[in-house]
Amino acid sequence: MAEFELGRHLYRFPGGLKLRHHKQIACRDPLTPAPLPERLWLPLAQHQGPAGECLVEPGDRVVGGQPLTRARSDREVPIHAPTSGTVEALRDGPVSWPPGGQARCIVLIPDGEDRFEPLDVPEDWTYESTDALIERLRAGGLAGLGGAVFPTAAKLRGEFPPIRALILNGSECEPYISCDEMLMRSRPEAIIEGARMLARATGADDVVIAIEDQMGEVRKRLNAAIRAVDAEAPIRVVQVTTIYPEGGEKQLIQVLTGQEVPHDGLPQDLGLVCLNVATAAAARDILIDGRPVIERIVTVSGPGIRHPRNFVVRLGTPIAGLIAAADGTTGAIDRLVLGGPMSGLPLASDRIPITKGSNCILALRPEDTAREQPVMPCINCGECIRVCPASLLPQMLYKHLVADDFDTARELNLFDCIECGCCAHVCPSHIPLVDHYRHGKGVLRERGIEDARAARAKARFEAREARLAEREAARREQREARERRLKDADRAQDEVRAAIERARARAQKDTGDAGDNDA
Amino acid sequence: MNLSLAGAPHLPPISTVGGVMRQVLYALVPGIVAHVVYFGVGILFQIALAVTFALALEAAMLTLRDRPLKPFLSDYSAVVTAVLFALCVPPLAPWWIALTGMLFAIVIAKHLYGGLGSNLFNPAMVGFAAVIIAFPIELSQWLAPRSLTPGLPGIGETAIAIFTGQLPPSVGWDAISQATPLDALRTGVAENRLVTEIRAAPIFGDFGGLGWEWIANFYALGGLYLVWRRVISWHVPVAVIGTTLLVSTPMWLLGPDIHPSPLQHVFSGALVLAAFFIATDPVSGCSTMRGRLVFGAGVAILTLAIRRFGGYPDGVAFAVLLMNMAAPMIDRLTRPRTYGHDSDRDGS
């Protein structure tokens, strides 16, 4: 394992873009809770990976914090009732992924009483074993709140080398998104306490909180919170240069350590775990307040929003309610985006609910994207190469992908693309490069699945053939044995017959002799 | 609510193909003005002719290929091709030189290869190579710089010369024409004269050709503007000029009698123009940063070799065309190392 001192020296990653932040417009107002909607829509699967097992039925009354699904492994994440109310139905509703798609949701009608029943909490978490801590975090539905919603338990334990350092990512880096900044400003103590818990759960003896260089206020508050506690492992705040996408996990690791996550590996292979600051605060809420992940901070912003701001939102709240709470839109909205403007997902409907990974909702008018110009041919200008943080050749990938040459695209390391959108942003020909990469990855994955399926079918076929051949051989063996036995039996019969003949012949001779005697 | 499901990014684009090409045209203005100052208005006629033919041929080819006219005519790529071509031909070249050049540039080099973005070769240089091979006489009739002639032809005389192929009787061809400095050098060296002797002729200036050296300076000025605006990267110009100096300096030090000085090389012919405007053509050049260094170095070495050993006074056009052929391979061999991979060509 390579040696490095986390965050002592800051490194530069290749490429990237300096973008206008547009963050402060949503930070002028204090954090406020968003109003509870008439119905909460809770997709069973809120994360990458399989959904948990559903524990409720239509008509059930639930209280806030009550588990609605159960996780059967570290890859599954349970969801909990965001408030008290009645389960109206289990029904398909619009969701953010896949774009325009639907997924099974629990529809919950809040009763307005907002009763809450906390999870069981340890008396003093510092006495808990790491496994017990991770188990509690898992039961609290903890997943990466930065947007990827990766199940945290699966990040904290697994088959990897011992963890030396924990990186808490507080550098959002995409324009407009300010939910983490608001969290760090308003709840620095919660983040520090969560950081201690996560350090304990991973065994890390070094914790770095990475924030952007223009967040001076945040640094002061975090440092004050660090001084106020007697932390087991040193916790440091490091300010990194705001160059998109420095908040990407791989890029942040490169900036802080100068090391790269192996293309076929994980940060854990470098002895690192990278988590979002909001995940740390949520860990603290689970272990101290017994409050599972039932709400999150969401930035509602963009030029299409009349009053951009950050809300504390109960999961399941449809986006339309948040836009209304932000005093509505400033004009005809052309795009609703989940996430930031560089890599966010386009949303098909404002009925889509907030889930654990929904960090930001952007409303954009047609003039804000100005994408009506035609797509021109690639002129090979190389701007995309200059800005690619993964050092890929985006224009070459594109040319192979439009020619359906997926294998060459794979050889050009298509799967190392982090879909940050830098290439498409600078492209003078306005080619939607990231769409092409996603499509190419999809085709290759599908083909990989097909290949795997074919391999499995082949293995099954060969096993069956072998089995049949074996059975045939056994049967033949049996038959031959029986034939041998029969033959043996025939011979025995012959022998018997011969013996009888002999006996009879002897007897006749005896009789003749006797007859002679009698006569 | 009618929502677009177009993928990220959702920010307005920061540049357009037309915008990039327009920047290139602006950057050529100082060099063109200097050209007019030293050699008269002929160059403006050449530019006007080439642009007209280029746009007409572009429109015709787009129609034949069933492509939309507006986006492709307004991308300025044909205009850039035409202007670069015009800057390489003599100011009084007859009108059909521009037509022939544009036929080869726009019709053959560009559209028969698939149009914008698909051409293997630099269209302007294909056009120039075609006319210099087909019409060597017309392409060798250069004017002497203003200070060396009794009077450069005016607008009317220039128009008559270009459209009729005849100079007006008032202007004597012998009085205004002059071999280019590069021509003078190659014939001089071939006649076993010393470089210092040859350079004593009035057509030579302080370090290059008289007039030419200042035009090159203004091209460089425009080129630096493009580098500053990030329209082109620094790699190609640095590689072309750097390699020219690097290769010609030791030769000149060893044999100053037969080898022109490094500055003479840089400031004559189309080298500076090529360094900033021709070898930087993105479509036919390299796109990786290391590849651009190799590409520029190759252009410089081939140019020097053609100037020294070849049959044409300036080899820039042929050097660029030869490197165009190598560009895809150079790109492949200079692939940067992907994040998280050990070596350059580490597969998935």
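Residues numbered from 1 in each chain as written. Chains lettered and ligands numbered in written order. Predicted model: local features only at pLDDT ≥ 70, side-chain atom pairs only at ≥ 80, totals over all residues. Heavy atoms only, no water.

A few points about the interface of chain A and chain B
What counts, and what does not: Whether two residues are in contact is decided by their heavy atoms: any pair within 4.5 Å suffices. Two parts placed together each lose some accessible area; with a 1.4 Å probe, that loss summed over both constitutes the buried area. A pairing counts as a salt bridge when a side-chain nitrogen of Lys or Arg comes within 4 Å of a carboxyl oxygen of Asp or Glu. Nitrogen and oxygen atoms within 3.5 Å of one another constitute a polar contact, given that in protein one can donate a hydrogen and the other can accept it, and given that sequence-neighbouring residues count only through two side-chain atoms. Charged residues are taken to be Asp, Glu, Lys and Arg, nonpolar residues to be Ala, Val, Leu, Ile, Met, Phe, Trp, Tyr, Cys and Pro, and polar residues to be all remaining types, Gly included.
Every contact between the two is made by 66 residues of chain A and, on the other side, 42 residues of chain B. Buried area between chain A and chain B, both sides added, is near 4,600 Å², and the carbon and sulfur share of it is 60%. Contact with chain B buries surface across chain A, with His263(A), Arg335(A) and Ile379(A) losing the most and accounting together for 13% of the total. Where chain A meets chain B, there are one salt bridge. Among the salt bridges present, the one from Glu260(A) reaches Arg337(B), with a minimum N-O distance of 2.7 Å. Between the two partners, chain A and chain B, sit 20 residue pairs in polar contact (both at pLDDT 80 or more). Among the residues making up the side of chain A that touches chain B, the classes are represented as 33 nonpolar, 20 polar and 13 charged.

With respect to the pattern of salt bridges
All names here are of chain A. So the rule is basically this: Partly exposed residues are those whose accessible area sits between 20% and 50% of the maximum for their type, while under 20% is buried and over 50% is exposed, using a 1.4 Å probe and protein chains only. Counting from the N terminus, the helices are DSSP H or I runs at least four residues long and the strands are E runs at least two residues long.
Tallied over the full model, the rule gives 42 salt bridges over all chains. The shortest N-O distance in the salt bridge between Glu 113 and Arg 115 comes to 3.0 Å. Residue Glu 113 is classed as exposed on the basis of its relative accessible area of 51%. For Glu 193, the salt bridge is made with Arg 284, and the minimal N-O distance between the two is 3.5 Å. One end of the pair, Glu 193, is in helix H4 (residues 188–202); the other, Arg 284, is in helix H7 (residues 277–289), and 91 residues separate them in sequence. According to the relative accessible area criterion, Arg 284 is buried, its value standing at 15%.

Observations regarding the domain arrangement of chain A
All names here are of chain A. Quick note on the threshold: Domain start and stop points were drawn from an automatic or database domain assignment.
Split into domains, chain A comes out as domain 1 (24–345) and domain 2 (383–438). Centre-to-centre separation of domain 1 and domain 2, based on C-alpha positions: 30 Å. Between domain 1 and domain 2, the contact holds seven residues from the first and nine residues from the second. Regarding the contact of domain 1 and domain 2, the summed buried area is about 710 Å², with carbon and sulfur atoms giving 58% of it. The largest share of the area that domain 1 buries against domain 2 comes from Pro 245, Gln 251 and Met 342, three residues that together contribute 48% of it. Linking domain 1 with domain 2 are one residue pair in polar contact (both at pLDDT 80 or more), by the criterion used here.

A closer look at helix H6 (residues 123–134) of chain B
Residue and element names in this part refer to chain B. Put simply, the rule reads: The span you would expect from a helix comes to 1.5 Å times its residue count less one.
Relative to the 16 Å expected for twelve residues at 1.5 Å per residue, H6 spans 17 Å between its end C-alpha atoms, a close match to the ideal helical length. Most of H6 sits inside the fold, with ten of its twelve residues counted as buried. Burial in H6 covers these residues: Pro 123, Ala 124, Met 125, Val 126, Gly 127, Phe 128, Ala 129, Ala 130, Val 131 and Ile 132.

Describing the pairing of strand E11 (residues 272–276) of chain A
Residue and element names in this part refer to chain A. So the rule is basically this: DSSP-based pairing: two strands are paired if at least 2 bridges between them are found.
Of all five residues that make up E11, five are buried, and the element is covered over most of its length. Going residue by residue along E11, you find Leu 272, Cys 274 and Asn 276 tucked away on one face and Val 273 and Leu 275 tucked away on the opposite face as well. Alignment of strand E8 (residues 165–170) against E11, held across five bridges, turns out to be parallel. Looking across to E11, one finds that Asn 169 is bridged to Asn 276.

Thoughts on the packing of helix H1 (residues 17–39) of chain B against helix H11 (residues 212–228) of chain B
All names here are of chain B. So the rule is basically this: Between N-to-C directions, angles span 0 to 180 degrees; the directions come from axes that are lines fitted to C-alpha atoms, helices contributing only their stretch in contact. Angles are sorted into four bins: roughly parallel if under 35 degrees, roughly antiparallel if over 145, roughly perpendicular if 65 to 115, and oblique for all others. Should the near helix be turned anticlockwise from the far one by less than a right angle, the crossing is termed left-handed; should it be turned clockwise, right-handed.
Where H1 contacts H11, the two axes come as close as 8 Å, and the packing angle between them is 165 degrees. Between H1 and H11, the crossing angle belongs to the class labelled roughly antiparallel. Where H1 crosses over H11, the handedness of that crossing is right-handed. Residues Gln 23, Val 24, Ala 27, Leu 28, Pro 30, Gly 31, Ile 32, Ala 34, His 35, Tyr 38 and Phe 39 of H1 pack against Trp 212, Trp 214, Ile 215, Phe 218, Tyr 219, Gly 222, Tyr 225 and Leu 226 of H11.

Considering the sheet that holds strand E13 (residues 309–314) of chain A
Note on sheets: strands pair through backbone hydrogen bonds, and any given pair is parallel or antiparallel. Residue and element names in this part refer to chain A. Pairing is mixed across the open sheet formed by six strands, whose spatial order is E1-E13-E12-E16-E14-E15. The sheet is open, and its two edges are formed by strand E1 (32–33) and strand E15 (345–347), each paired on a single side. As paired strands, strand E14 (residues 335–338) and E15 are joined by three bridges and run antiparallel to one another. Looking at the pairing, Leu 338 lines up with Leu 345 of E15. Set on the sheet, helix H3 (residues 179–186) makes contact with strand E12 (295–301) and E13; between it and E12 the angle comes to about 125 degrees.

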